[in-house]
Number of protein chains: 4
Amino acid sequence: MLNIDPRSSKPIYEQIVDEIKANIVKGILKPGEKLPSVRELSKIITVNPNTVSKAYSELERQKVIDTVSGRGTFVSANYKPRDDDDRLNKIKSSIKDAIIEAYYIGLGKEDIIHIVDEAYKAMKGE
Amino acid sequence: MLNIDPRSSKPIYEQIVDEIKANIVKGILKPGEKLPSVRELSKIITVNPNTVSKAYSELERQKVIDTVSGRGTFVSANYKPRDDDDRLNKIKSSIKDAIIEAYYIGLGKEDIIHIVDEAYKAMKGE
Amino acid sequence: MLNIDPRSSKPIYEQIVDEIKANIVKGILKPGEKLPSVRELSKIITVNPNTVSKAYSELERQKVIDTVSGRGTFVSANYKPRDDDDRLNKIKSSIKDAIIEAYYIGLGKEDIIHIVDEAYKAMKGE
Amino acid sequence: MLNIDPRSSKPIYEQIVDEIKANIVKGILKPGEKLPSVRELSKIITVNPNTVSKAYSELERQKVIDTVSGRGTFVSANYKPRDDDDRLNKIKSSIKDAIIEAYYIGLGKEDIIHIVDEAYKAMKGE
DNA sequence: GTGGTCTAGACCACA
DNA sequence: GTGGTCTAGACCACG
């Protein structure tokens, strides 16, 4: 379910955060749905429980999931997107970086648009 | 000239690498042009010379600049983009992450395309 | 295990890189095997940790080893040779230089072939 | 005549030394033949005279050329190859390194032999 | 515990 | 003057 690469330079806990958010966006995880417990998930993806715990804390901080003590963790039912300049700037900055990097392997604007297209298709298709 | 934020989580040497590549793409730095020496740049952006050196080494490895021993470093005159699956995958992955993140602040595909547009305009405009 | 000569003109970090690659080729280090940690190796060969770190970074860049954050570094399990014109040219050039140099101590083609033979035997023999 | 690449990581003076030795081996420069003066050569290959001077000193040290004060420098007439363990070991070591490196771009023994062949042909052909 | 980054300061070869 | 290497010692994130 979660695609984790322990050899990546991206920290594992961050990969978990991103994968869960991706699954929610894709509709694989639905609002209100229960997530596996820290222990369960750590076994499934063979990762240190502390790492999963850190990922869940981060997701909770971002209000993507809710933890009900003694009951478990759930995908937030009432997530409301709101303006967040910090995050918007990070997104812009990472897209800018990607564009520069693309230039250096010979890709132009059309290629970037195409990659964006593909990414959206993958989100709906899966 | 270079916009360095020492508090960013992105390593300083990487910021230097990215900024220089951005300046080349924008045409602010031209092929064959001499870059500031390691010691000069380290003074300008108040960073340790080793950090600048690390950035320059990385740029040299990527064939973005040439270092001529004893003479200095220069923007590569004959940069040829090559296929590089690893870098392409990194670009795709970072765009995918940006799209997910965008969803969480309420942005959709059109907004992403708009951001890409803006980024390209900024590159040519500056 | 690693044969390092601090008085050599070849940089120490490069010696470490070459020795480790040689040990992998010889089969002394096997795919997936854990390498000594940066601090360990630095003590073993009495060299500054930064120097070992630089060597490991270079090996990682060449995809010879994988570093798993917080866990250590490992011999790459799935190394796939790829075409690399730059490296091929370096090899050709260093062989050409060796041949010229050999001429000056009275060695001809047969002697070079013999040296190549010996080198291959040493690789398998050890 | 001399093929110098100022962007190479190999020092320029060393490139000059190697190129001159290569030309002697190839027969382009014959024993007893006069070499260009330091000033002349430095103009021809657009290099600092000090650099050429350093190259000539090194060649003289290796008894490849002779300097007759006031008359110029000449290719040694009576070069006698002799055993030189130091240089032999360097040659062996650099061939060993080349073989390891070759392994990592997927080349085997036959390929190396082929490269040696080519190098010898190039020496006679030019 | 692991590796990654950064600073400070030194020495060296090269041009 | 230039960049390259190395040491010593520090701090940090990750697991």
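Residues numbered from 1 in each chain as written. Chains lettered and ligands numbered in written order. Predicted model: local features only at pLDDT ≥ 70, side-chain atom pairs only at ≥ 80, totals over all residues. Heavy atoms only, no water.

- Per an unreviewed UniProt entry, chain A goes by Transcriptional regulator, GntR family and derives from Pseudobacteroides cellulosolvens ATCC 35603 = DSM 2933.

## Considering the overall build of chain A
Consideration 1: Within chain A, the regular secondary structure consists of five helices and two strands.
Consideration 2: Reading the secondary structure of chain A in the N-to-C direction produces α-α-α-β-β-α-α.
Consideration 3: Referenced to the eigenvectors of the C-alpha coordinate spread, the extents of chain A come out at roughly 50 × 35 × 30 Å.
Consideration 4: Residue pairs in contact within chain A that sit at least 24 positions apart in sequence constitute 48% of those at least 6 positions apart.
Consideration 5: For chain A, the accessible area works out to roughly 7400 Å², and carbon and sulfur atoms hold 49% of it.
Consideration 6: Computed over 21 positive and 20 negative side-chain charges, the inter-centroid distance for chain A is 6 Å. (Helix = DSSP H or I, 4+ residues; strand = E, 2+ residues; numbered from the N terminus. Contact = heavy atoms within 4.5 Å. Areas by Shrake-Rupley, 256 points an atom, 1.4 Å probe, with all protein chains shown as cover. Lys, Arg positive; Asp, Glu negative; His and termini not counted. Charge placed at Lys NZ, Arg CZ, Asp CG, Glu CD.)

## Points about the protein's contact with DNA strand E
Consideration 1: Around DNA strand E sit 25 residues, and of these B:Ile12, B:Asn50, B:Thr51, D:Ile12 and D:Lys54 come closest.
Consideration 2: The sugar and phosphate moieties of DNA strand E supply 67% of its atoms located within 4 Å of the protein.
Consideration 3: Residue D:Tyr13 places a side-chain N or O atom 3.4 Å away from a phosphate oxygen belonging to DNA strand E.
Consideration 4: Listing elements by their share of the surface near DNA strand E, those giving two or more residues are helix H1 (12–26) and helix H3 (49–61) of chain B, helix H2 (38–44), helix H3 (49–61) and strand S2 (72–75) of chain C together with helix H1 (12–26) and helix H3 (49–61) of chain D. (Near = heavy atom within 4 Å. Polar contact = N/O pair within 3.5 Å; in protein donor to acceptor, adjacent residues only side chain to side chain.)

## Here's the deal with unusual backbone geometry
Consideration 1: Here the phi dihedral of A:Lys63 falls at roughly 60°; this positive angle occurs in a residue that is not glycine.
Consideration 2: Position of A:Lys63 among the secondary structure elements: in the loop between helix H3 (49–61) and strand S1 (65–68).
Consideration 3: Of note in the backbone geometry, B:Thr46 takes a positive phi value of approximately 45° without being a glycine.
Consideration 4: In this structure, B:Thr46 sits in the loop between helix H2 (38–44) and H3.
Consideration 5: B:Thr46 sits in the exposed class, given a relative accessible area of 69%. (Buried < 20%, exposed > 50% of the residue type's maximum accessible area, 1.4 Å probe, protein only.)

## Regarding the interface of chain B and chain A
Consideration 1: With 42 residues of chain B at the interface, the matching set in chain A holds 42 residues.
Consideration 2: Buried surface at the junction of chain B and chain A, both sides included, amounts to about 4000 Å², of which 71% is carbon and sulfur.
Consideration 3: A per-residue breakdown of the area chain B buries against chain A is headed by B:Tyr104, B:Ile105 and B:Tyr120, which together make up 19% of the total.
Consideration 4: For A:Glu101, the salt bridge goes to B:Arg87, with nearest N and O atoms at 2.9 Å. (Buried area = accessible area lost by both parts, 1.4 Å probe. Salt bridge = Lys/Arg side-chain N within 4 Å of Asp/Glu carboxyl O.)

## Topic: the side chain of D:Glu101
Consideration 1: Tracing the backbone through its elements, the reader meets D:Glu101 in helix H4 (residues 85–103).
Consideration 2: The contacts of D:Glu101, once residues within four sequence positions are left out, are C:Lys21, C:Gln62, C:Arg87 and C:Ile91.

## Points about the protein's contact with DNA strand F
Consideration 1: As a matter of local geometry, DNA strand F sits amid 25 residues, with B:Arg39, C:Ile12, C:Asn48, C:Asn50 and C:Thr51 nearest to it.
Consideration 2: Restricting attention to atoms of DNA strand F within 4 Å of the protein, one finds that 66% of them are sugar or phosphate atoms.
Consideration 3: Backbone polar atom of C:Ile12 to a phosphate oxygen of DNA strand F: 2.3 Å apart, as the coordinates give it.
Consideration 4: Contact distances for DNA strand F include 3.1 Å between a phosphate oxygen and a side-chain N or O atom of C:Lys54.
Consideration 5: Broken down by secondary-structure element, the contributors of at least two residues to the surface near DNA strand F are helix H1 (12–26) and H3 of chain A, H2, H3 and strand S2 (72–75) of chain B together with helix H1 (12–26) and H3 of chain C.

## A short note on the packing of H1(C) against H3(C)
All names here are of chain C.
Consideration 1: It is the contact of H1 with H3, at a shortest axis distance of 8 Å, that shows an interaxial angle of 50°. Here H1 is positioned oblique relative to H3, judged by the angle of their axes. In the crossing of H1 with H3, the sense of the turn from one axis to the other is right-handed. For the pair H1 and H3, contact is made by Ile12, Tyr13, Ile16, Val17, Ile20 and Lys21 and by Thr51, Val52, Lys54, Ala55, Tyr56, Glu58 and Leu59, respectively.
Consideration 2: Looking at the contact of H1 with H3 residue by residue, the classes come out as nine nonpolar, one polar and three charged. (Axes fitted to C-alpha atoms, helices over the stretch in contact; angles between N-to-C directions. Parallel < 35°, antiparallel > 145°, perpendicular 65-115°, else oblique. Left-handed = near helix turned anticlockwise from the far one by under 90°. Nonpolar A, V, L, I, M, F, W, Y, C, P; charged D, E, K, R; others polar.)

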